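Descriptive structure summary
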Amino acid sequence: AQKITQTQPGMFVQEKEAVTLDCTYDTSDQSYGLFWYKQPSSGEMIFLIYQGSYDEQNATEGRYSLNFQKARKSANLVISASQLGDSAMYFCAMREGGYSGAGSYQLTFGKGTKLSVIP
Amino acid sequence: AAGVIQSPRHLIKEKRETATLKCYPIPRHDTVYWYQQGPGQDPQFLISFYEKMQSDKGSIPDRFSAQQFSDYHSELNMSSLELGDSALYFCASSPGGVGETQYFGPGTRLLVL
């Protein structure tokens, strides 16, 4: 079974509008972390936002916020006031498990959502 | 702020050749992860190191090996290259704690002809 599911292969949003990118996850661990990364067409992988499983507040970083619904196992990324530079592939990723030793926190990625911002 | 450095950024090799990819983590980051991203795919974990010791292993072929040196930089050695090894190879570094974010380098784009 897929550990990270991103059901939207591609999305379009009008400039200055808000957009939500969906991510659901599957884990039996109590301690885990969820990440969102942005990959522009140039290829680099840019960290956007992190949510720990024990965090009670939804994470926010500037125009990015993470809508974390633990019971539903979803961790949707919300981008407010979209900009042309937001056009990119967005990956949701998960780190499972509690402390297993440093260096043991490999990320499992979803298939990604390609976001296109329309002027 | 200093970022993860990877070299080379682009590499073209022939089948059966060898390649060495280098990664310089963010200063004071002691943990390095390697990922492989095939065309149109999501990144797949290969191997990780903490304090110069291998800490975890993913879907890394036996033809590949890696190590982390005393200055914390890491090298991924790839031998007997195959066409299917053509991919974007990322190195990511983190301070090593449980919830710590992995920061990715710009990647090395390997093309095997």
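Residues numbered from 1 in each chain as written. Chains lettered and ligands numbered in written order. Predicted model: local features only at pLDDT ≥ 70, side-chain atom pairs only at ≥ 80, totals over all residues. Heavy atoms only, no water.

**Focus on a nonpolar patch on the surface**
Taken together, the side chains of B:Ile12, B:Leu111 and B:Leu113 define a hydrophobic patch exposed on the protein surface, amounting to about 290 Å² of accessible area. Assignment of secondary structure puts B:Leu113 in the segment after strand E11 (108–112). (Patch = residues over 30% accessible without salt bridge, like charges linked within 9 Å, V, L, I, M, F, W, Y side chains within 5 Å. Areas by Shrake-Rupley, 256 points an atom, 1.4 Å probe, with all protein chains shown as cover. Salt bridge = Lys/Arg side-chain N within 4 Å of Asp/Glu carboxyl O. Helix = DSSP H or I, 4+ residues; strand = E, 2+ residues; numbered from the N terminus.)

**Structural notes on the pairing of strand E4 (residues 31–37) of chain B**
Residue and element names in this part refer to chain B. Counting buried positions over the seven residues of E4 gives seven, a clear majority of the element. In this structure, E4 lies alongside strand E5 (residues 44–50), joined through six bridges in antiparallel fashion. Bridging across to E5, Tyr33 finds its partner in Ser48. Linking E4 to E5, which pair antiparallel, is a turn of six residues; within it Gly40 sits at a positive phi near 70°. Alignment of E4 against strand E9 (residues 87–94), held across seven bridges, turns out to be antiparallel. Residue pairing for E9: Tyr35 is matched across the bridge by Phe90. (Buried < 20%, exposed > 50% of the residue type's maximum accessible area, 1.4 Å probe, protein only. Pairing = 2+ DSSP bridges.)

**Observations concerning the state of the cysteines**
Scanning all chains against the criterion turns up two disulfides over all chains. The partner cysteine of A:Cys23 in its disulfide is A:Cys92, sulfur to sulfur 2.0 Å. Its S-S torsion of approximately -60° makes the covalent link between A:Cys23 and A:Cys92 left-handed. Of this pair, A:Cys23 sits in the loop between strand E3 (19–21) and strand E4 (24–25) while A:Cys92 sits in strand E10 (residues 88–96), placing them 69 residues apart in sequence. Here B:Cys23 engages in a disulfide with B:Cys91; their sulfurs sit 1.7 Å apart. What sets the handedness of the B:Cys23 and B:Cys91 disulfide is the S-S torsion sign, and at about -50° it is left-handed. One end of the pair, B:Cys23, is in strand E3 (residues 19–24); the other, B:Cys91, is in strand E9, and 68 residues separate them in sequence. Overall, the relative accessible area of 0% leaves B:Cys91 in the buried class. (Disulfide = S-S within 2.5 Å.)

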